Amino acid sequence: MDMTRKIAVIAAKAAIVSLLMMFGQAAQAQNKITALSVSEAGPGLTVIKVEMAEALSNPPAGFTINVPPRIALDFPNTENALGRSAQDFSAGDLRSANIVQAGSRTRLVINLNQMLGYETRTDGKNILITLHAKQAAQAAPSATRFADARQTAQKHTVSAVDFRRGKNGEGRIQVDLSDSGVGIDIHRQGNKLIVDFMKANLPGKLQRKLDVVDFATPVQLVDTFAQGDNIRMVIEPKGIWEHAAYQTDNKFIVEVKPVIEDPNKLVKGVQAGYAGEKLTLNFQDISVREALNVIADFTELNMVISDTVAGNLTLRLKDVPWDQALDIILQSRGLAMRKNGNVIQVAPIGEIAASEKSDLTAKQDISELEELRTESFQLGYQTATAAAALLNGISAPGATAQGAAPAAAVPVAGAPNQAALARILSKRGSAMADVRTNTLFVKDTPSRLEEVRKLLKQIDVPVRQVMIEARFVSAGDSFARSLGGKLGYASPANAANGGAATTGAINGVNVNLPNSLAGTGGGLLLSLFNPAATKVLTLELNASETDGITKNIASPRVVTADKTKASIKSGVEIPYTIAGTVGSPPTTAFKTAALSLDVTPRITPDNNINMTLVASQDTVGALYSGVPSINSKMVTTEVLIENGGTVVVGGVFTQDVADTVNKVPLLGDIPVLGWMFKNKVKTDAKNELLIFITPKIMQDSMNLR
């Protein structure tokens, strides 16, 4: 018999003993409820009279339940002498009453249509319970709907979102709507407030995050964005807060205000982690076992209380979650609980700890003696070698890959030179991979095999694909202008050979002032010569202007799996000669000028893409001693992009300005006439490179186009 079965037997025995004690106490009850009646004491006042066989020294203790609305009163050492357990009244908000006897205690449960306040007092042998309207704040529902979303088939519009600070320090978010028929759902999600506007359009200028920290309210951030056909507003407050929402015509307002803690309250603020229905308890010197029975009756859970639980306590709790009330009772008496389904076991902390330790020890002993089984798993997407390494707690071997030459079953456990990781299999378990069929063989206990089955179901899934498209846009704007003159003289010998068209020599010296002209364009040529054409003087004026715009677009695309690096390159290999050493011939080497993209994408849980990428564009530059140079432009970055979005990850802008003057010294500086002895060249070239990246998560039906 294992420990769980032992605990069940002990619990059953304890329950039988408890019932026998309760029935024994019932025989010794000294008081009785003999009659129940109802009367009207005035507008909105209803009095329930409980007639007793003997007078009570104090009014009975009670508690309330908001959903459904009930009032419960406990009569100690009292039995039900009415002969029935229920009685209908149907007087105003009072519906009926139930009388339940458990041992020596009798509970009167008053059922209401809505929650009312009540007061109890003694009148001789009678107990008078006065019911009156209760002006108290009810617990806010977890979600509030201002309009039925099913009735909002047509599209609506949010025209403005404004934030203001109230006079009491509350944050006020005001939303202007196109009409009053917009369906609105508001609910809390953790420490955030979520507001959904159903079937509504949001202008682009309103899709933004409002940082409102400087307003000194609980609200820190208001994020408004489109979500399908709806609009979602996420409000992020801080600290302890509460909210109120209301709508007036076309204006919807949400107020978030801080909760001021009252030092006189037992429970301060909102305790995270308590989600039970609220109840009110007011007991004086009640036994711990009775207090736990009240919680059990309220929650309708089965509760097993250890015989070692004893002592009394006084409770005064108002509108607190039942799980928090139970936690308070347990902590005040050094108790702990263990929940299994709808059964709660309550015992001292040491007893619970010893029981859990005994259970764990028994399970460990069983696992060491349990029979081993072998099971095979045919994997479709994950490699069997990697899965075996994961189960054995070692790093995946890289020498063997799926699709290699057929081999026998490859044992992974105990492979040398591999880092030890957390082991998933038991100490006696093992895993082996068959590379040829991609089958995994696992030998372990049945419980561990079930865990392996669940793990393989999670990891043996197809890897999502990502297509990354890059655009290299290179634009250029160039301007060049030249202006100058050229003066020449032809000698008699040259005049005989070519006249004015040939540059002459005087005593073997050529005359050409200045010695060069930049650019080719429009020009004017003047020649002066004597009647015999034996002496020629030439003057050439030159002017040109060039204006050009260039644009170059390159668009490499690559597809890769999630978290897998991919590279794409397109370019040219440029040969050049390297002089050999003495006795060896020259050799030919190559330099690469390419357009390349290296990218590693990672898909986030919200379907965005985090990319680590290296993009470069190389072009051929000038030659230096016969060796070509490479003009390189490269961007290395890591960026987060939404699926299908485009981002500019880098840009290079260059501008080259040159202003050159060629002239004859002194003669070129003469005003006006100096243009016959000089030329002037001005250039202005601008180039800009932009790199655009667009990632897309590929679906099964997507194809490259």
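Residues numbered from 1 in each chain as written. Predicted model: local features only at pLDDT ≥ 70, side-chain atom pairs only at ≥ 80, totals over all residues. Heavy atoms only, no water.

J.: Explain the sheet that holds strand 25 (residues 335–340) here, please?
T.: Taking strand neighbours across the sheet as the criterion, the three strands line up as 23-26-25 in an open arrangement whose pairing is mixed. Looking along the sheet, the strands with just one partner apiece sit at the ends: strand 23 (302–305) and strand 25. Strand-to-strand, the axes of this sheet are offset by a mean angle of 20 degrees, without reference to chain direction. Pairing analysis gives four bridges linking strand 23 to strand 26 (residues 343–348), with the strands arranged parallel. The residue bridging Val304 from the neighbouring strand is Gln345, located in strand 26. Lying over the sheet, helix 2 (residues 288–299) contacts strand 23, strand 25 and strand 26, oriented at roughly 165 degrees with respect to strand 23. Relative to the sheet, helix 3 (residues 322–332) contacts strand 25 and strand 26, its axis offset from that of strand 25 by approximately 135 degrees. (Pairing = 2+ DSSP bridges. Helix = DSSP H or I, 4+ residues; strand = E, 2+ residues; numbered from the N terminus. Axes fitted to C-alpha atoms, helices over the stretch in contact; angles between N-to-C directions. Contact = heavy atoms within 4.5 Å.)

J.: Help me understand the pattern of salt bridges in this model?
T.: Close approach of charged atoms lets side chains of opposite charge pair. Throughout the structure, instances matching the rule amount to 19 salt bridges. When the shortest N-O distance is used, the salt bridge between Glu79 and Lys32 registers 3.6 Å. Of this pair, Glu79 sits in strand 5 (residues 78–80) while Lys32 sits in strand 1 (residues 31–42); the two residues are 47 residues apart in sequence, bridging distant segments of the chain. In this structure, the salt-bridge partner of Asp74 is Arg107, at a minimum N-O distance of 2.7 Å. Of this pair, Asp74 sits in strand 4 (residues 70–75) while Arg107 sits in strand 8 (residues 105–112), placing them 33 residues apart in sequence. Here Asp74 and Arg107 have matching classes, each one buried. Each of the salt bridges in this network shares a partner with another, and the network as a whole consists of Asp74, Arg105, Arg107, Glu290 and Asp297. (Salt bridge = Lys/Arg side-chain N within 4 Å of Asp/Glu carboxyl O. Buried < 20%, exposed > 50% of the residue type's maximum accessible area, 1.4 Å probe, protein only.)

J.: Please explain the packing of aromatic side chains as it appears in this structure.
T.: Aromatic rings considered in pairs are described by the distance between their centres and by the relative angle of their planes. If you walk through the whole model with that rule in mind, you get two aromatic pairs. Look at Phe163 and Phe215: their rings are 5.0 Å apart centre to centre, the planes differ by 75 degrees, and that puts the pair in the edge-to-face class. Of the two residues, Phe163 is situated in strand 12 (residues 156–165) and Phe215 in the loop between strand 17 (208–211) and strand 18 (219–227); the sequence distance between them amounts to 52 residues. Phe215 sits in the partly exposed class, given a relative accessible area of 35%. Centre to centre, the rings of Phe197 and Phe252 are 5.8 Å apart; their planes meet at 90 degrees, and the pair counts as edge-to-face. Taken together, the residues Phe197 in strand 15 (residues 192–197) and Phe252 in strand 21 (residues 251–258) connect sequence positions 55 residues apart. The exposure class assigned to Phe197 is buried, which follows from its relative accessible area of 1%. Directly above the ring of Trp241 sits Arg188, whose terminal nitrogen or CZ lies 3.9 Å from the centroid. (Phe/Tyr/Trp six-rings, centres within 6.5 Å; stacked < 30°, edge-to-face > 60°. Lys NZ or Arg CZ within 6 Å of the ring centre and 35° of its normal.)

J.: Got a minute to help me understand helix 5 (residues 384–392) in this structure?
T.: An α-helical turn contains 3.6 residues, so a residue and the one three or four places further along point in the same direction. Taking burial as the measure, the nine residues of helix 5 include seven buried ones, the bulk of the element. Looking only at helix 5, the buried set comprises Ala384, Thr385, Ala387, Ala388, Ala389, Leu391 and Asn392. For helix 5, the secondary structure elements touched by its buried residues are strand 29 (430–434), strand 30 (439–444) and helix 6 (446–459).

J.: I'm lost on a nonpolar patch on the surface in this one. Help?
T.: A surface patch of nonpolar side chains, amounting to about 350 Å² of accessible area, comprises Leu667, Ile670, Val672 and Leu673. Take Leu667: it is sitting in the loop between strand 41 (647–663) and strand 42 (678–698). (Patch = residues over 30% accessible without salt bridge, like charges linked within 9 Å, V, L, I, M, F, W, Y side chains within 5 Å. Areas by Shrake-Rupley, 256 points an atom, 1.4 Å probe, with all protein chains shown as cover.)

J.: What am I meant to see in the sheet that holds strand 39 (residues 608–624) here?
T.: If you trace the four strands from one edge of the open sheet to the other, you get 37-38-39-40, paired in antiparallel fashion. Each of the sheet's edge strands pairs with one partner strand only, and the pair in question is strand 37 (566–578) and strand 40 (627–642). Direction aside, the axes of adjacent strands within the sheet are offset by 15 degrees on average. By the bridge criterion, 13 bridges tie strand 37 to strand 38 (residues 587–603) in an arrangement that is antiparallel. By the bridge assignment for strand 38, Glu573 is matched with Thr592.

J.: It is not clear to me how the environment of Lys209 should be interpreted in this structure. Could you clarify?
T.: With respect to the element layout, Lys209 can be found in strand 17. Here Lys209 falls in the exposed class, since its relative accessible area comes to 58%. Note: C-alpha distance between Lys209 and Leu221 (twelve residues apart in sequence) is 6.9 Å. Excluding anything up to four places from it in sequence, Lys209 contacts Leu221, Val222 and Asp223.

J.: Can you walk me through the environment of Gln247 in this structure?
T.: Looking at where Gln247 falls in the secondary structure, it is placed in strand 20 (residues 241–248). Between the alpha carbons of Gln247 and Ser180 there is a distance of 8.3 Å; along the sequence they are 67 residues apart.

J.: In this structure, what is going on with helix 6? I would like to understand it.
T.: With 14 residues, helix 6 extends 20 Å between its outermost C-alpha atoms, agreeing within 8% with the 20 Å of an ideal straight helix rising 1.5 Å per residue. By the burial criterion, the buried members of helix 6 are Leu449, Val452, Leu455 and Leu456. Down the axis of helix 6, the buried side of the element spans an arc of 120 degrees, and every buried residue falls inside it. In helix 6, the exposed residues that point more than 90 degrees away from the buried face are Lys454, Lys457 and Gln458. Contact partners of the buried residues in helix 6: strand 27 (373–378), helix 5 and strand 30. (Expected span 1.5 Å × (residues − 1). Arc of directions from axis to C-beta.)

J.: How should I be thinking about the confidence of the model for the protein chain in this particular structure?
T.: Per-residue confidence for the protein chain gives a mean pLDDT of 77; residues scoring 70 or more make up 78%. Contacts from residues 135–142, a stretch scored under 50 in pLDDT, to residues over four places away or in other chains number six contacts. The low-confidence segment residues 262–272 (pLDDT under 50) makes eleven contacts with residues lying over four places distant or belonging to another chain. (pLDDT = per-residue confidence, 0-100.)

J.: Even after reading the chapter, I still don't get the pairing of strand 9 (residues 116–123), so can you show me in this structure?
T.: In this structure, strand 9 lies alongside strand 10 (residues 126–133), joined through eight bridges in antiparallel fashion. For Glu119, the partnering residue across the bridge sits in strand 10 and is Thr130. Hairpin remark: strand 9 followed by strand 10, antiparallel, with two residues in the connecting loop; positive phi at Gly124, about 70 degrees.

J.: What should I look at first to understand unusual backbone geometry in this one?
T.: Note: most peptide bonds trans; most residues except glycine with negative phi. Here Asn77, not a glycine, exhibits a phi torsion of approximately 50 degrees, which is positive. Here Asn77 is to be found in the loop between strand 4 and strand 5. Given a relative accessible area of 48%, Asn77 falls into the partly exposed group.

J.: Would you mind going over the pairing of strand 26 with me for this structure?
T.: The two faces of a sheet get side chains in turn, since along a regular strand they alternate between them. Strand direction decides the pairing type here: strand 25 and strand 26, joined by six bridges, are antiparallel. In the sheet register, Arg338 faces strand 26, and the bridge partner there is Gln345. Hairpin connection between strand 25 and strand 26: a loop of two residues separates the two successive antiparallel strands, and Gly341 in this loop has a positive phi of roughly 70 degrees.

J.: What am I meant to see in the side chain of Glu469 here?
T.: Position of Glu469 among the secondary structure elements: in strand 31 (residues 465–490). A relative accessible area of 11% means that Glu469 is categorised as buried. Within the local environment of Glu469, its side chain forms a polar contact with the side chain of Arg471, the two groups lying 3.2 Å apart. When sequence neighbours within four positions are dropped, the list of residues in contact with Glu469 reads Ser555, Pro556, Arg557, Phe692, Ile693 and Thr694. (Polar contact = N/O pair within 3.5 Å; in protein donor to acceptor, adjacent residues only side chain to side chain.)

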